Amino acid sequence: MPITDATKKQIAQHRRLYFKICFRCGGKNPISALRCRKCHSDQMRLKNRTLGAKK
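Here goes a summary of the coordinates provided. (Residues numbered from 1 in each chain as written. Predicted model: local features only at pLDDT ≥ 70, side-chain atom pairs only at ≥ 80, totals over all residues. Heavy atoms only, no water.)

**With respect to a nonpolar patch on the surface**
Right, so step 1: Where nonpolar side chains cluster on the molecular surface, the patch consists of Y18, I31 and L46 and spans about 280 Å² of accessible area.
Right, so step 2: Mapping Y18 onto the fold places it in the loop between α1 (6-17) and β1 (20-22).
Right, so step 3: Residue class for Y18 comes out partly exposed when judged on its relative accessible area of 40%. (Patch = residues over 30% accessible without salt bridge, like charges linked within 9 Å, V, L, I, M, F, W, Y side chains within 5 Å. Areas by Shrake-Rupley, 256 points an atom, 1.4 Å probe, with all protein chains shown as cover. Salt bridge = Lys/Arg side-chain N within 4 Å of Asp/Glu carboxyl O. Helix = DSSP H or I, 4+ residues; strand = E, 2+ residues; numbered from the N terminus. Buried < 20%, exposed > 50% of the residue type's maximum accessible area, 1.4 Å probe, protein only.)

Okay, here's the thing in structure tokens:
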């Protein structure tokens, strides 16, 4: 069921797209994280936020 309310949609997009991913273990971390919460590695990347169809 699609979300029609604009503010709720913005909140949902922010929760799904704005976080960091650990290169070593693949753990999901907050955007402000400097080290991974699971393996304590400092090798982090931002979640890929490009839009487009899946292939």
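So much for the structure itself; the text now carries on.
**Here's the deal with the packing of aromatic side chains**
Right, so step 1: Under the counting rule described, the total for this entry stands at zero aromatic pairs.
Right, so step 2: A cation over an aromatic ring shows up here: K28 above the ring of F19, its NZ or CZ 4.6 Å from the ring centre. (Phe/Tyr/Trp six-rings, centres within 6.5 Å; stacked < 30°, edge-to-face > 60°. Lys NZ or Arg CZ within 6 Å of the ring centre and 35° of its normal.)

**As for the state of the cysteines**
Chemically, a disulfide is nothing more than a covalent bond linking the sulfur atoms of two cysteines.
Right, so step 1: Under the defined criterion, the tally for this structure stands at zero disulfides.
Right, so step 2: As a non-bridged cysteine, C25 has C36 as the owner of its nearest cysteine sulfur, 3.6 Å distant.
Right, so step 3: For C25, a relative accessible area of 34% corresponds to the partly exposed category. (Disulfide = S-S within 2.5 Å.)

**Structural notes on the side chain of N29**
Right, so step 1: Counting through the fold element by element, N29 comes out in strand β2 (residues 28-29).
Right, so step 2: Given the relative accessible area of 3%, N29 is considered buried.
Right, so step 3: Within the local environment of N29, its side chain forms a polar contact with the backbone oxygen of G27, the two atoms lying 3.1 Å apart.
Right, so step 4: Of the polar contacts made by the side chain of N29, one reaches the backbone nitrogen of R37; its length is 2.9 Å.
Right, so step 5: Those residues within four positions of N29 in sequence are excluded, and the remaining contacts are F19, K20, C22, R35, C36, R37 and M44. (Polar contact = N/O pair within 3.5 Å; in protein donor to acceptor, adjacent residues only side chain to side chain. Contact = heavy atoms within 4.5 Å.)

All we've got here are geometric facts, nothing functional implied.
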